[in-house]
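The primary structure of each chain is shown beneath.
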Amino acid sequence: MTARKAIDRQDETDPKGADASNRIKDPKDWTTGGEPMTGAQASYLKTLSEEAGDKEAFDPDLDKAEASERIDNLRKATGKG
């Protein structure tokens, strides 16, 4: 494989090289948004809520979409977003 073909192939599979507009969706539009939040979301949300001094923001029963929205809001509140 030539170097150019390797680069072209990487561009096809590299999400960083792809159009990002199709990866940025409102959490309300996620097909899996109603599923329970992931462990990573729970951990990050708990950390952010503690850093923001808003322990009420952490709720272990949130779904993925709700957790994502709270994370975004807390990132802004803590100056991380």
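Here, the structure is the one placed above.
The sections below set out a description of the structure shown in this document. These figures come from a predicted structure and were not determined experimentally. Counting from 1, residues in each chain are numbered in the order their sequence is written. Local features in a predicted model are, by the rule used here, given only for residues with pLDDT of at least 70; side-chain atom pairs are given and counted only at 80 or more, and totals for whole chains, interfaces and linings are based on all residues. Note that the side-chain values use all heavy atoms of the structure and ignore hydrogens as well as water.

### Considerations on the overall build of the chain
So, step 1. Numbering of helices and strands starts at the N terminus; helices are DSSP runs of H or I of at least 4 residues and strands are runs of E of at least 2. Tallying secondary structure elements over the chain gives three helices and zero strands in all.
So, step 2. Its helices and strands taken in sequence order, the chain reads α-α-α from the N to the C terminus.
So, step 3. Buried means the residue's accessible area, taken with a 1.4 Å probe over protein chains only, is under 20% of the maximum for its type, while exposed means over 50%, and partly exposed covers the values in between. In the chain, buried positions account for 21% of the 81 residues.
So, step 4. Intrachain contacts of the chain at a sequence separation of at least 6 include 60% that bridge at least 24 residues.
So, step 5. Of the accessible surface of the chain, which amounts to about 6,000 Å², a share of 48% is contributed by carbon and sulfur atoms. Here a residue-residue contact requires only that any non-hydrogen atoms of the pair lie within 4.5 Å. Reported accessibility uses the Shrake-Rupley method at a 1.4 Å probe radius. Residues are deemed covered only where the shown protein chains occlude them.

### Digging into the environment of Glu69
So, step 1. When you line up the elements, Glu69 lands in helix 3 (residues 64–77).
So, step 2. Residue Glu69 is classed as partly exposed on the basis of its relative accessible area, which comes to 27%.
So, step 3. The contact partners of Glu69, leaving out residues within four places of it in the chain, are Asp26, Pro27 and Lys28.

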